[in-house]
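Residue-level listing of the chains:
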Amino acid sequence: MGYKSGCLGHLGHKLEFVLIEPPFFSETNLISPRLHLPIQSSWKDGRRHPSHFSLEEEPNRSVMVILVGPPGSGKSTFCEAVITASRRPWVRVCQDIINNGKAGTKVQSLKAVADALNEGKSVFIDRCNLEKGQRADFMKLCRSQTDIHAVVLDLPAKVCISRCVNRTGHEGNLQGGRAAAVVNKMLQNKEAPNLNEGFYRITFCQNDMDVKEAIKMYSELGPSDKLSSGEFGQKSKKENVQPSIMKFFKKSAREENSQKEKEGNNSSANDSRNQFPTLAFPSISTSDFQFDLDKASDIIVESAQDFLKRVDNVRLALVDLSDKSRILSLVREKAGKKGIDSNRFMTFVGDITQLYSKGGLRCTVIANAANWRLRPGGGGVNAAIFKAAGEVLEVATKERAGTINPGSSVAVPLPSTSPLYQREGVTHVIHILGPNMNPQRPNYLEDDYTKGCKILRDAYSSLFESFASVACLERNKKQKLVELKERAGGESKSKEKREEVKSRNWGSWALALYNTAMDPEKHKDGLLEISDNLIVLNDLYPKAKKHVLVLSRLNGLDCLEDAKREHLPMLRSLHSAGVKWVNKFLSEDSSLYFRLGYHSVPSMRQLHIHVISQDFDSPSLKNKKHWNSFTTAFFRDSVDVMDEIEEHGSAKITDEKLLEMELRCHRCKSAHPNIPKLKSHIAKCRASFPPHLLQNNRLLSASNNDTLEQIS
DNA sequence: GTTCTAGAAC
DNA sequence: GTTCTAGAAC
């Protein structure tokens, strides 16, 4: 680990200190689903799910101290003084040095804070934090077992300025003459912390004496101590500066948490987190099939983590009946260690057939630990689900499949007449069969865990993939329903609307490709290939080393949304032309990788495939929209588009909101605070591409044997 | 789609 | 002070 830690003797106590320093914040460490917390407002609520509270595990309460003060107010000195004298494990997160000793970003700080809190450490947030908005993101990271404090270093501006002017070697490089201007400007926008923001305690320090007292107070705050709540030391209320320290007993923590647990379960029906498609699943193979719990829990956590990295706006919940469940606690522990966002992957104690009615957990899809015949009975989850869903599930299952192999799954839409649908809101049951280590049951693996683990991995990956496609279908259905309602609501109005949508207003700049396609001879310069039905040209502003457009010449086929079954021959020829150029480029530089695809909502009129190398090494790639248009689901691989149109008559168009997503490396999925940082990362990232891209020839490379075959 | 620029963030 | 983003204009 790249942080320093150690022990110092202090009054006979063991003292631990932790100073964050590079290379702890290397880019690879930024791979953390938890980063969604500050970025994705939809998971604002950072509390752990009620089912995550367990009496034995409850750690001492940690404290998040947000320091508030301009440069020169002595924030760093404050932290260091407390950390060297305290018995509590503290982490100081200082944005000025977080990036390999240099100034870093807020996202990096947020990540460091989240990590420290996850480890049960207390945190000093050493940045100015003068405005409410600057504090808010950090406060969102807080979980229920952490108290948020503010220490306001409210010293006279001239004191701060003179300290800045006189200091040398400041971490944030703010020193000398320009400091005065910066401090004054910052103080103009100062918003004093308020308890309403969510602080448990706020300590104001008006002078050096106050600061000393506050340092003493925090230094003496032992691991299980708790300061009293409220505002202290504001203006001249000196009597409150030295607050009483009360012992915080574990017992009271337990009581509080069990209370929270109750409240959580009752109110979670309206919980905003319930709006995401959620898959509830039992642990596969670990009960009747006697699969090793430790191995199984590893596989569950890894599979879930991998899935959640790739798919947004979904949740997974591992469910077991008993709160003493060994598999639940193993998974909880391992998921915690990996820093998986517990709002997206949770463990839940309850009956999988009554999650909503009894537990308040809305799960649109549940998994069934099925038998190979896909028949009811046998006891356990399988019997319970078939019983709760009624006969209609048996019928619906039979329509889909007769039997199932270990390691695979079968998704069955649940008829709306099923009680499970009506009462619990379950739209699909996914049957899944895992490996069997029980000699009494079919397909006994004779303790071959190499095979067993592979099958279990396959089973979970098949389950999660089924869930993803089900969730996607449901989402589209809802959208269509809304559209239908709108149309029924006002035929004349909606007619106009549709016309408007259909004849989308393309700006003059958006017609360049259309004009070229209609009259290529006029725009011959720079065209790589012209035929009767298509044109290939270099993108005027290439976003990678190689970036060409394969343009349809069909008038009226403006964008992906317009592409229907009758256009399939055109789509196939565009694709083949693209693959041909990929092969040419690969023969010139075999180190490249390529993708061929469409933008869900293009900026330029006239249907075109982007053929783009995956280095994204280009000065024309300048902003978030550029990046996300090629690396999120906004980019629709040509192979998928052809499959979808063949199967459903049209291709899925993804939401333009994807373009606003955080910046993630397209290979290792690490998050980055801005485009320059992202670009320097991707210049060196050599992680393998996500598994999804390695399938179905979505990614073309010199080593891809099928590349050549695709031309024919 | 790009360019320009105000202002947010540091 | 500088760096970076996001929105307007084209």
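The rules behind these values
Residues numbered from 1 in each chain as written. Chains lettered and ligands numbered in written order. Predicted model: local features only at pLDDT ≥ 70, side-chain atom pairs only at ≥ 80, totals over all residues. Heavy atoms only, no water. Pairing = 2+ DSSP bridges. Helix = DSSP H or I, 4+ residues; strand = E, 2+ residues; numbered from the N terminus. Axes fitted to C-alpha atoms, helices over the stretch in contact; angles between N-to-C directions. Contact = heavy atoms within 4.5 Å. Core = buried A, V, L, I, M, F, W, Y, C linked by side-chain atoms within 4.5 Å. Buried < 20%, exposed > 50% of the residue type's maximum accessible area, 1.4 Å probe, protein only. Near = heavy atom within 4 Å. Polar contact = N/O pair within 3.5 Å; in protein donor to acceptor, adjacent residues only side chain to side chain. Nonpolar A, V, L, I, M, F, W, Y, C, P; charged D, E, K, R; others polar. Phe/Tyr/Trp six-rings, centres within 6.5 Å; stacked < 30°, edge-to-face > 60°. Salt bridge = Lys/Arg side-chain N within 4 Å of Asp/Glu carboxyl O. Left-handed = near helix turned anticlockwise from the far one by under 90°.

An unreviewed UniProt entry lists chain A under the name Transcription factor bHLH140 isoform X2, from Carex littledalei.

Draft legend 1. Spotlight on the sheet that holds strand E13 (residues 345-349). Taking strand neighbours across the sheet as the criterion, the 6 strands line up as E13-E12-E11-E14-E16-E15 in an open arrangement whose pairing is mixed. Both outer strands of the open sheet, E13 and strand E15 (409-413), are each paired with one neighbouring strand and no more. Put simply, the sheet's adjacent strands are angled 25° from each other on average, direction ignored. Note that strand E14 (residues 365-369) and strand E16 (residues 428-432) share 5 bridges and pair parallel. Residue pairing across strands places Ile-366 opposite Val-429, the latter belonging to E16. Lying on the sheet, helix H10 (residues 326-337) is in contact with strand E12 (315-320) and E13; it crosses E13 at an angle near 155°.

Draft legend 2. Expanded view of the nonpolar core. Counting residues in hydrophobic clusters, the biggest one holds 39 residues, and the most contacted among them are Phe-281, Leu-316 and Phe-345. Elements that contribute at least two residues to this core include exactly strand E11 (278-282), helix H9 (293-310), E12, H10, E14, E16 and helix H15 (449-489). For Leu-316, the residues in contact, after removing those within four places along its chain, are Leu-279, Phe-281, Ala-304, Phe-307, Leu-308, Arg-344, Phe-345, Met-346, Phe-464 and Phe-467. Residues Ile-609, Val-641, Ile-645 and Ala-651 belong to the second largest nonpolar core, which totals 29 residues.

Draft legend 3. Up close: the protein's contact with DNA strand B. Near DNA strand B the following residues occur: Gln-95, Gly-104, Lys-106, Arg-127, Trp-509, Tyr-541, Lys-543, His-599, Ser-603, Lys-622 and His-626. Within 4 Å of the protein, the atoms of DNA strand B are drawn from sugar and phosphate moieties in a proportion of 65%. The contact in question runs from a phosphate oxygen of DNA strand B to an N or O atom on the side chain of Lys-543, over 3.0 Å. His-626 has a polar side-chain atom sitting 2.6 Å from a phosphate oxygen of DNA strand B. Of the residues contributing to the surface near DNA strand B, the split by class is 2 nonpolar, 5 polar and 4 charged.

Draft legend 4. Highlighting the packing of aromatic side chains. One pass over the structure, following the stated rule, counts 17 aromatic pairs. Note on Phe-78 and Tyr-218: the rings are 6.4 Å apart at their centroids and 65° apart in plane angle, and the pair reads as edge-to-face. Taken as a pair, Phe-78 in helix H2 (residues 75-85) and Tyr-218 in helix H7 (residues 208-219) lie far apart in primary sequence, 140 residues in all. Look at Tyr-218 and you get buried, because its relative accessible area is 0%. Here the aromatic rings of Phe-291 and Tyr-449 are separated by 4.9 Å at their centres, their planes lie at 70°, and the arrangement is edge-to-face. Of the two residues, Phe-291 sits in the loop between E11 and H9 while Tyr-449 sits in helix H15, which places them 158 residues apart along the sequence. Note on accessibility: Phe-291 and Tyr-449 belong to one class, buried. Through a chain of ring-to-ring contacts, the aromatic side chains of Phe-281, Phe-307, Tyr-460, Phe-464 and Phe-467 assemble into a single cluster.

Draft legend 5. View of the side chain of Thr-203. With respect to the secondary-structure elements, Thr-203 resides in strand E7 (residues 201-205). A relative accessible area of 3% places Thr-203 in the buried class. A distance of 3.1 Å separates a polar atom in the side chain of Thr-203 from a polar atom in the side chain of Arg-201. Among residues more than four places away in sequence, those in contact with Thr-203 are Ala-150, Val-151, Val-152, Ala-214, Met-217, Tyr-218 and Phe-232.

Draft legend 6. Main features of the pattern of salt bridges. Applying the stated criterion to the full structure yields 27 salt bridges. When the shortest N-O distance is used, the salt bridge between Asp-294 and Lys-334 registers 2.7 Å. With Asp-294 in helix H9 and Lys-334 in helix H10, the pair connects residues that are 40 residues apart, well separated along the chain. Among the residues examined, Asp-294 registers a relative accessible area of 40% and is labelled partly exposed. Glu-662 is the salt-bridge partner of Arg-664, the closest N and O atoms lying 2.9 Å from each other. Classification of Glu-662 by relative accessible area gives buried; the value is 8%. Via salt bridges that share partners, Arg-61, Asp-147 and Lys-226 belong to a single interconnected network.

Draft legend 7. Region of the structure containing the packing of helix H3 (residues 106-118) against helix H4 (residues 132-140). It is the contact of H3 with H4, at a shortest axis distance of 10 Å, that shows an interaxial angle of 40°. With respect to the hand of their crossing, H3 and H4 are arranged in right-handed fashion. For the pair H3 and H4, contact is made by Lys-106, Ser-109, Leu-110 and Val-113 and by Gly-133, Gln-134, Asp-137 and Phe-138, respectively.

Draft legend 8. Looking closely at the environment of Glu-529. Assignment of secondary structure puts Glu-529 in strand E17 (residues 527-530). A C-alpha to C-alpha distance of 9.1 Å links Glu-529 and Val-550, two positions 21 residues apart in sequence. Here the side chain of Glu-529 touches Trp-581 through a polar contact of 2.6 Å, side chain to side chain.

Draft legend 9. Quick peek at helix H20 (residues 638-648). Within the sequence span of H20, burial applies to Ser-638, Val-639, Asp-640, Val-641, Met-642, Glu-644 and Ile-645. Of the surrounding elements, those touching the buried residues of H20 are helix H18 (568-588), strand E20 (593-599), strand E21 (608-613) and strand E22 (635-637). Phi turns positive, to about 90°, at Gly-649, one or two residues after H20.

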